[in-house]
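Here's the letter readout for the chains.
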Amino acid sequence: MSVTKLSFPYGESIQWLSPDKIDQLPKSPLTNWLMSNESLTQKLRSHCVEFEVVVLGEGNLAPFNGEFPSQSQAWAREVLLCLDGIPWVFARTLIPGSLLQQKESDFLTLGTRPLGELLFSSDEFSPGKIEIAHFTPCHKLANLMTSLKQNVEQELWGRRRYFSYNGEELIVSETFLPAARRLIEEM
Ligand SMILES: C=C(O[C@@H]1C=C(C(=O)O)C=C[C@H]1O)C(=O)O
């Protein structure tokens, strides 16, 4: 898999909606994945032999308009979650500086360890609301799909979750790539 960190950030401005505002959620298997409150890492690990986190980039950046209204800057981490070498999820996490400072060594030394191992390893982080998006990727995300040889024949479904810690919040967005949707819908 040839992906470059030179294009980081890959994320794009997406309209996230509360699930009850979505006219038609996808058929059941995928909706169960979108709405699941458990660790996505744990769920993914149970569907593969080899699970891998490919870090596309990390760094301080300005969130997109409306992406994180209370923050003009945030620590961003974008990864691909790969099952037996196949990229299933593009994940983009935004962490405000005030939260990063409290857990700096944990977040900045994650590397290729999944963020879920930190968020679900104790009750320090509380999972919050889930929002859903349904979109056609453009710009760098579309180019990333092409480089992964995953043709986007239908819109992508994604979800983002809020995790709170000591009165602060971080946001984790996860977009299911075409290969993942195909395999989930066969389950
Ligand atoms: C939040 C979780 O962590 C996963 C791992 C991520 C990472 O390593 O950056 C990002 C999003 C998640 O899919 C989880 O497992 O639920």
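This text follows the structure it describes.
Residues numbered from 1 in each chain as written. Predicted model: local features only at pLDDT ≥ 70, side-chain atom pairs only at ≥ 80, totals over all residues. Heavy atoms only, no water.

Quick word on the overall build of the protein chain
Formally: Under the DSSP-based scheme used, a helix requires at least four consecutive residues in state H or I and a strand at least two consecutive residues in state E, with every element numbered from the N terminus. Radius of gyration: C-alpha atoms only; globule rule: 2.2 Å multiplied by the number of residues to the exponent 0.38. The contact criterion used is simple: two residues touch if any of their non-hydrogen atoms lie within 4.5 Å. Every accessible area reported is derived by Shrake-Rupley at a probe size of 1.4 Å, with residue values counting cover from the shown protein chains alone. Think of it this way: Lys and Arg go in the positive column, Asp and Glu in the negative one, and His and the chain ends go nowhere. Charge positions come from single atoms, namely NZ of Lys, CZ of Arg, CG of Asp or CD of Glu.
A tally of regular secondary structure across the protein chain gives 7 helices and 6 strands. Ordered by position in the sequence, the α and β elements of the protein chain form the string α-α-β-β-β-α-α-α-β-α-β-β-α. The C-alpha atoms of the protein chain give 15 Å as radius of gyration, which agrees with the globular expectation for 187 residues (16 Å, within 12%). Overall, the protein chain is about 40 × 35 × 35 Å in size when its C-alpha atoms are taken along their principal axes. A fraction of 70% describes how many contacts in the protein chain between residues 6 or more apart in sequence connect residues 24 or more apart. When the accessible surface of the protein chain is totalled, it reaches about 9200 Å², and 47% of it is carbon and sulfur. Taking the average location of the 17 positive side-chain charges in the protein chain and that of its 23 negative ones, the two points are 2 Å from each other.

Examining the site of the ligand
The condition is simple: Any residue with at least one heavy atom within 4 Å of a molecule or strand is counted as near it. Distance and chemistry together define a polar contact, namely a pair of N or O atoms within 3.5 Å, with one atom able to donate a hydrogen and the other to accept it when in protein, and with adjacent residues in sequence counting only for side-chain atoms on both sides. A 1.4 Å probe that fits but cannot get out identifies a cavity on a 1 Å grid over protein atoms alone, an open set with protein on both sides within 12 Å along at least five of seven lines counts as a pocket, and a residue lines either if it has an atom within 4 Å of a point. Occupancy of a cavity or pocket is assigned to a molecule whenever over half of its atoms lie within 2 Å of that pocket's grid points. Each residue is assigned to one class: nonpolar for Ala, Val, Leu, Ile, Met, Phe, Trp, Tyr, Cys and Pro, charged for Asp, Glu, Lys and Arg, and polar for all the others, Gly among them.
In the vicinity of the ligand there are 17 residues, among which Leu40, Thr41, Arg77, Arg161 and Glu174 approach most closely. At 2.8 Å, a side-chain N or O of serine 39 approaches an oxygen atom of the ligand. Contact distances for the ligand include 2.8 Å between an oxygen atom and a backbone N or O atom of leucine 115. With the chains in place, 100% of the 380 Å² that the ligand exposes on its own is no longer accessible. Under a 2 Å grid-point criterion requiring more than half of the atoms, the pocket assigned to the ligand is the largest cavity. Listed by contribution, the elements that provide at least two residues to the shell around the ligand are helix H2 (40-45), strand E2 (74-83), helix H5 (115-119) and strand E6 (168-176). Here the residues of the shell around the ligand sort into 10 nonpolar, 3 polar and 4 charged.

Looking at the environment of tryptophan 16
Within the secondary structure layout, tryptophan 16 lies in the segment before helix H1 (28-35). Taking the C-alpha atoms as reference points, tryptophan 16 and glutamate 131, 115 residues apart in sequence, are found 5.6 Å from one another.

Observations regarding the pattern of salt bridges
Proximity of charged atoms lets side chains of opposite charge pair with each other. Cut-off, in case you're wondering: Here a salt bridge means any side-chain nitrogen of Lys or Arg lying within 4 Å of a carboxyl oxygen belonging to Asp or Glu. Each residue is placed in one exposure class: buried if its accessible area under a 1.4 Å probe, protein chains only, is under 20% of its type's maximum, exposed if it is over 50%, and partly exposed if it falls in between.
Under the counting rule described, the total for this entry stands at 13 salt bridges. Note that glutamate 58 and arginine 77 form a salt bridge whose closest N and O atoms lie 2.9 Å from each other. Highlighted residues: glutamate 58 in strand E1 (residues 51-61) and arginine 77 in strand E2, separated in sequence by 19 residues. Take arginine 77: its relative accessible area is 5%, and that puts it in the buried class. Beyond isolated ion pairs, a larger network of salt bridges with shared partners links Glu67, Glu78 and Arg92.

Section: the packing of aromatic side chains
What counts here: For this analysis, a ring pair means two rings from Phe, Tyr or Trp (six-membered ring only for Trp) whose centres lie within 6.5 Å, classed as stacked if their planes differ by under 30 degrees, edge-to-face if by over 60, and tilted for the remaining angles.
Per the counting criterion, the structure on display carries 5 aromatic pairs. Each ring, one from tryptophan 33 and one from phenylalanine 176, has its centre 6.2 Å from the other, and the planes form 85 degrees; the classification is edge-to-face. One end of the pair, tryptophan 33, is in helix H1; the other, phenylalanine 176, is in strand E6, with 143 residues separating them in the sequence. Their ring planes at 85 degrees and their centres at 5.7 Å tell us that phenylalanine 120 and phenylalanine 163 sit as a pair that is edge-to-face. One end of the pair, phenylalanine 120, is in the loop between H5 and strand E4 (126-135); the other, phenylalanine 163, is in strand E5 (residues 156-165), with 43 residues separating them in the sequence. Accessibility expressed as a relative area gives 31% for phenylalanine 120, which makes it partly exposed.

Distances and angles like these do not, on their own, reveal function.
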